[in-house]
Amino acid sequence: MKQTNNNGMGRGLLSLVFMLVGTVLACGPAVVQPLPTAMPLAATPTSTLVPTATFVPTNTPVPSPTPLPTNTPLPTRTPVPIVAAINITTPREEVDVFVGGNVTLSGLAQIEPGEHEIVVQLVSTMGEVLTETVTSDIDSNVWQIEMGVPLYVTGPGQLLAGVRDGAGNVLAVDSTQINLILPPDPGERYLDVYRPESLGRGVAGQYLYFDGWGQRPGSSITVALFIDNCQNEVANQRFTMNGSGYWQAYLLVPRGIEGTGCGVVYFGERGNEENWREGQRPVEIFPRGADEAAEILLSSPRSEEIVVRAGETLNLYGVAYHPDVDSIYLSMVMDSGLILAQQSILIQDYGYWEAAVNVPLEIEGVAEMRLMLDPLVVDEFRDVVRFIEVLPAEE
């Protein structure tokens, strides 16, 4: 077997090496390229190693943790003081309200719950509180109250609604005028005042005329006059009345007074609901010489339509006053044109007057009767007109 000469091969390789070295040296010095800086181990990701914690030098402060954001509280509501306010929408002005029944009031209000209350009062012409009701119930600024109406006072009245605080101070108020009247069935005891009418007039030094109907008045009826917005009594008169029926009275107005007042009629004990009945009417009192001191009233016959028979006498009386005249004029004319009466009637002391008219026989029909102050003297025409039915004479 032939052996390979390894020594010869080795010498050949060495010769080749020396030849390559010589060639390199013959070409000049070699330029050495720097090796890339080794990447830190922690920054070299591997699929198996978990990153180590970053080394923090001891001279570098450790940052404090950033606090988590907290919820900003909503601004609190600043309490706004409530301005108290109230009005009355029901009932309307000048409505008639029956005494002894109920009246419903309603309206709008602005109150502080728990601090304010609504108070409603019924006040008479003379300023007396007849009844009062209090509530704190209110729904969406709407309030409503039902209140009983006492049966013992008639005449103009006033409903007041107010907002009141805990100390009793009235913070707001509204009002409406009403008329307190008798119901269709006034009961077993009542007082009805016909005259003076509301906003009637009286004259200092003259009679103020009253009339009406009293049902079970007891033994007497009192008429009175109050002035200074109905606060001070200046005259009164009591007359006996046994049983029920029509009544009339003349009250002398003192001299030297004037202004707004009240004509008042009552029976029973004032304040006693069992037997007290009262009628109140506002009146204006004028001085004797004032231009407004002019009036004419027919006291009897009192009905709007008068009935008389042919051949009878018709008796008339009443009150009249005027600063410039001392008589009134009476005329009575049948619908056929026949004149039954034409005459002047003297006004007596304190304004009282009376007359008698004899109705002729053998007539019948309707006559117009007119009483008047002298239109040639009186600037403002004033008269009273009644229609009289004349029936045939009795056989």
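Residues numbered from 1 in each chain as written. Predicted model: local features only at pLDDT ≥ 70, side-chain atom pairs only at ≥ 80, totals over all residues. Heavy atoms only, no water.

Each helix and strand in the protein chain was counted, giving 1 helix and 24 strands. Across the 395 residues that make up the protein chain, the buried fraction comes to 37%. Put simply, 66% of the contacts in the protein chain that link residues at least 6 apart link residues at least 24 apart. For the protein chain, the exposed surface amounts to about 24300 Å²; the carbon and sulfur share of it is 53%. (Helix = DSSP H or I, 4+ residues; strand = E, 2+ residues; numbered from the N terminus. Buried < 20%, exposed > 50% of the residue type's maximum accessible area, 1.4 Å probe, protein only. Contact = heavy atoms within 4.5 Å. Areas by Shrake-Rupley, 256 points an atom, 1.4 Å probe, with all protein chains shown as cover.)

In this section: the pattern of salt bridges. Pairing of side chains with opposite charge becomes possible as their charged atoms draw close. Counting across every chain of the model gives 10 salt bridges. As a salt-bridge pair, Arg 216 and Glu 188 come within 3.2 Å of each other at their nearest N and O atoms. Linking Arg 216 in the loop between strand 11 (207–215) and strand 12 (220–227) with Glu 188 in the loop between strand 8 (170–181) and strand 9 (190–195), this pair joins segments that are 28 residues apart in sequence. Between Glu 368 and Arg 370 there is a salt bridge whose closest N-O contact spans 3.6 Å. (Salt bridge = Lys/Arg side-chain N within 4 Å of Asp/Glu carboxyl O.)

Here we take up the sheet that holds strand 18 (residues 305–309). Read from one edge to the other, the open sheet built from 5 strands follows the order 18-24-23-20-21, with strand pairing classed as mixed. The sheet terminates laterally at strand 18 and strand 21 (339–346), the two strands that pair on one side only. Pairs of neighbouring strands in the sheet enclose a mean axial angle of 20 degrees, with direction left out of account. Two strands pair when backbone bridges link them, and strand 23 (residues 365–373) and strand 24 (residues 383–391) are joined in this way by 8 bridges, in the antiparallel orientation. Its bridge partner lying in strand 24, Ala 367 is registered against Ile 388. (Pairing = 2+ DSSP bridges. Axes fitted to C-alpha atoms, helices over the stretch in contact; angles between N-to-C directions.)

As a further point, take the layout of surface pockets. The volume enclosed by the largest pocket comes to roughly 280 Å³. Lining the largest pocket are 16 residues; nearest its centre among them are Arg 195, Glu 197, Gly 200, Glu 295 and Leu 297. When residues in the lining of the largest pocket are grouped by element, the largest group, 4 residues, is from strand 17 (residues 295–300). Of the residues belonging to the lining of the largest pocket, the class tally is 9 nonpolar, 2 polar and 5 charged. (1 Å grid on protein atoms, 1.4 Å probe; cavity = no way out; pocket = protein on both sides within 12 Å on 5 of 7 lines; lining within 4 Å. Points joined across faces, edges and corners; volume = space filled by probe spheres on them. Nonpolar A, V, L, I, M, F, W, Y, C, P; charged D, E, K, R; others polar.)

What follows concerns the environment of Cys 230. Within the secondary structure, Cys 230 sits in the loop between strand 12 and strand 13 (232–240). With a relative accessible area of 5%, Cys 230 lands in the buried category. It is 7.9 Å that separates the C-alpha atoms of Cys 230 and Gly 127, two residues lying 103 residues apart in sequence. Residues within four places of Cys 230 in sequence aside, it is in contact with Thr 125, Met 126, Thr 260, Gly 261 and Cys 262.

A word on the side chain of Ser 331. Topologically, Ser 331 is positioned in strand 20 (residues 327–334). In this structure, Ser 331 is in contact with Ala 341, Gln 342, Glu 368, Met 369 and Arg 370, ignoring residues within four places of it in sequence.

Looking now at the pairing of strand 20. Note that strand 20 and strand 21 share 7 bridges and pair antiparallel. In the sheet register, Ser 331 faces strand 21, and the bridge partner there is Gln 342. What sits between the antiparallel neighbours strand 20 and strand 21 is a turn of 4 residues, in which Gly 337 has the positive phi angle 100 degrees. Here strand 20 runs beside strand 23; their pairing, made up of 7 bridges, is antiparallel. Within the sheet, the bridge partner assigned to Tyr 329 lies in strand 23 and is Met 372.

This brings us to the environment of Ala 294. In this fold, Ala 294 is placed in the loop between strand 16 (277–286) and strand 17. When its relative accessible area of 2% is taken as the criterion, Ala 294 is described as buried. For Ala 294 and Pro 323, which are 29 residues apart along the polypeptide, the C-alpha to C-alpha distance reads 7.2 Å. Those residues in contact with Ala 294 that lie beyond four places of it in its chain are Arg 201, Tyr 321, His 322, Leu 373 and Arg 382.

In this section: the pairing of strand 15 (residues 259–267). In terms of burial, strand 15 is largely enclosed, as 7 of its 9 residues are buried. Pairing analysis gives 9 bridges linking strand 15 to strand 16, with the strands arranged antiparallel. Of the residues in strand 16, the one forming a bridge with Gly 259 is Ile 285.

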